Amino acid sequence: MQHSETVINKGYVGINPMQFGYESCEKGHSYGPALRTHWLLHFIASGKGYFKIEGREYSISAGNVFVIPPFVETYYEADLEEPWEYIWVGFTAPQDFDFLHNDVIFLPGAARIFEEMKKCGTMTVGRTEFLCSKIWQFFAEILEKKEEKIGYTEKALNIIHSEYMSDISIQIIADRIGLERTYFSNLFKKEIGISPKKYLLKYRMEQAADFIRNRGYTVSVTALSVGYNDVYIFSKMFKRYYGTSPLAFRNGKENA
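Just so we're clear, the structure is a prediction, and the values are computed from it rather than from any experiment.

Digging into the overall build of the protein
And then number 1: Of regular secondary structure, the protein possesses nine helices and 10 strands.
And then number 2: Over its C-alpha atoms the protein spans a radius of gyration of 26 Å, topping by over 25% the 18 Å that the globule rule assigns to 256 residues.
And then number 3: Principal axes of the C-alpha set define a box for the protein whose edges measure 75 × 40 × 30 Å.
And then number 4: Residues counted as buried form 40% of the 256 residues belonging to the protein.
And then number 5: Contacts spanning at least 24 positions in sequence make up 67% of the contacts within the protein whose residues lie at least 6 apart.
And then number 6: Taken as a whole, the protein presents about 14400 Å² of accessible surface, with 52% of it coming from carbon and sulfur.

Pasting the structure below:
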């Protein structure tokens, strides 16, 4: 038996849900060969089936997700003895979308996510957004299962770029990514070209210059916004970095 929910196409630029449903298929139930105009994921909750895409053939069972990209011909068929029960969600995505590289993904842990998608049936206004959040949650599960890991330096850069306005230090960053401070500093300098301490200062000062010169914020607001609770210390560091005080820096821009 098939159950589908109406999903309002709100035309979101990123991941934009288009359809959702689930079905306990009859023995031998099939669809295709056909194509779709958007991405479509089928999570197999139980049973077995057959999936064919561009000449590649798969016999798949519970815990797998088969992936149908837009404008790609596919065919799928439920097993004659143990027909599958699946949950599907369809969505559009940007052209550079690159989360789904495989035709079939074995991800039993995604069962919870797809089952939770069924809750959208109780929603009216927020149904599309709820499904969008679950699709992203599924992508997060995929990334966690990948063998390649985010490098230490990339993690450090992400911490600096997102938390430079807080009271972070090189020791805190090293602890967060699980490295001894000296080893982390040497690794960072080898890959970026300057020490993490100098990079953190550089990033803070560049943000400060933008806040003062281009956005018109006061020195006190800027200082706090780039991680300095003491305006005097901030002004001292700014002058050391740019060779002029924050106020002179602003006045120079205004008089230019």
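Still to come is the rest of the account.
Quick word on the pairing of strand 7 (residues 64-68)
And then number 1: Of all five residues in strand 7, five are buried; the element is thus mostly enclosed.
And then number 2: Both faces of strand 7 are covered, namely the face carrying Asn64, Phe66 and Ile68 and the face carrying Val65 and Val67.
And then number 3: Bridge count between strand 4 (residues 39-46) and strand 7: four bridges; the pairing is antiparallel. Across the sheet, the residue bridging to Leu40 is Ile68, located in strand 7.

Points about the sheet that holds strand 6 (residues 56-61)
And then number 1: Taking strand neighbours across the sheet as the criterion, the four strands line up as 3-8-5-6 in an open arrangement whose pairing is antiparallel. Since the sheet does not close on itself, it has two edges, and those belong to strand 3 (30-34) and strand 6, each with one partner. Taking the axes of each pair of neighbouring strands and ignoring which way they run, one obtains an average angle of 15° across the sheet.
And then number 2: As judged from the five bridges shared by strand 5 (residues 48-53) and strand 8 (residues 74-78), these two strands associate in the antiparallel manner.

Examining the pattern of salt bridges
And then number 1: Enumeration over the complete set of coordinates arrives at 11 salt bridges.
And then number 2: Here Glu141 and Arg112 are joined by a salt bridge, their closest N and O atoms 3.8 Å apart. In this pair, Glu141 sits in helix 2 (residues 127-145) while Arg112 sits in helix 1 (residues 111-117), placing the two residues 29 residues apart along the sequence.
And then number 3: Glu115 is paired through a salt bridge with Lys118; the nearest N and O atoms lie 3.2 Å apart.
And then number 4: On the basis of relative accessible area, Glu115 is assigned to the partly exposed category, the value being 38%.
And then number 5: Members of the salt-bridge network, linked through shared partners, are Glu54, Arg56 and Asp103.

Notes on unusual backbone geometry
And then number 1: Look at the link from Gly32 to Pro33: it is a cis peptide, with omega at 0°.
And then number 2: Checked against the element boundaries, Pro33 lands in strand 3.
And then number 3: Even without being a glycine, Glu54 presents a positive backbone phi close to 50°.
And then number 4: As for its position among the elements, Glu54 is in the loop between strand 5 and strand 6.

Let's talk about the sheet that holds strand 9 (residues 85-92)
And then number 1: As summarised here, the arrangement of the six strands in space is 1-2-9-4-7-10, forming an open sheet in which the pairing is antiparallel. Each of the sheet's edge strands pairs with one partner strand only, and the pair in question is strand 1 (2-5) and strand 10 (104-106). Adjacent strand axes in the sheet meet at a mean angle of 20° when their direction is disregarded.
And then number 2: Those strands touched by helix 2 are strand 1, strand 2 (16-24), strand 4, strand 7, strand 9 and strand 10, and its axis lies near 80° from that of strand 2.

Looking at the pairing of strand 2
And then number 1: Bridge count between strand 1 and strand 2: four bridges; the pairing is antiparallel. When the bridges of strand 2 are listed, Ser4 appears paired with Gly21.
And then number 2: The pairing of strand 2 with strand 9 spans eight bridges and is antiparallel. Paired with Pro17 across the two strands is Phe91, which belongs to strand 9.

Looking at the nonpolar core
And then number 1: By size, the foremost hydrophobic cluster in this structure holds 30 residues, and its most contacted members are Ile173, Phe184, Val226, Tyr228, Phe234 and Phe238.
And then number 2: Going through the elements one at a time, helix 3 (152-163), helix 4 (170-177), helix 5 (181-192), helix 6 (196-213), helix 7 (219-225) and helix 8 (231-242) are the ones with two or more residues in this core.
And then number 3: No other element matches the eight residues that helix 6 contributes to this core.

Cut-off values and rules
- Residues numbered from 1 in each chain as written.
- Predicted model: local features only at pLDDT ≥ 70, side-chain atom pairs only at ≥ 80, totals over all residues.
- Heavy atoms only, no water.
- Helix = DSSP H or I, 4+ residues; strand = E, 2+ residues; numbered from the N terminus.
- Rg over C-alpha atoms; globule rule 2.2 N^0.38 Å.
- Buried < 20%, exposed > 50% of the residue type's maximum accessible area, 1.4 Å probe, protein only.
- Contact = heavy atoms within 4.5 Å.
- Areas by Shrake-Rupley, 256 points an atom, 1.4 Å probe, with all protein chains shown as cover.
- Pairing = 2+ DSSP bridges.
- Axes fitted to C-alpha atoms, helices over the stretch in contact; angles between N-to-C directions.
- Salt bridge = Lys/Arg side-chain N within 4 Å of Asp/Glu carboxyl O.
- Core = buried A, V, L, I, M, F, W, Y, C linked by side-chain atoms within 4.5 Å.

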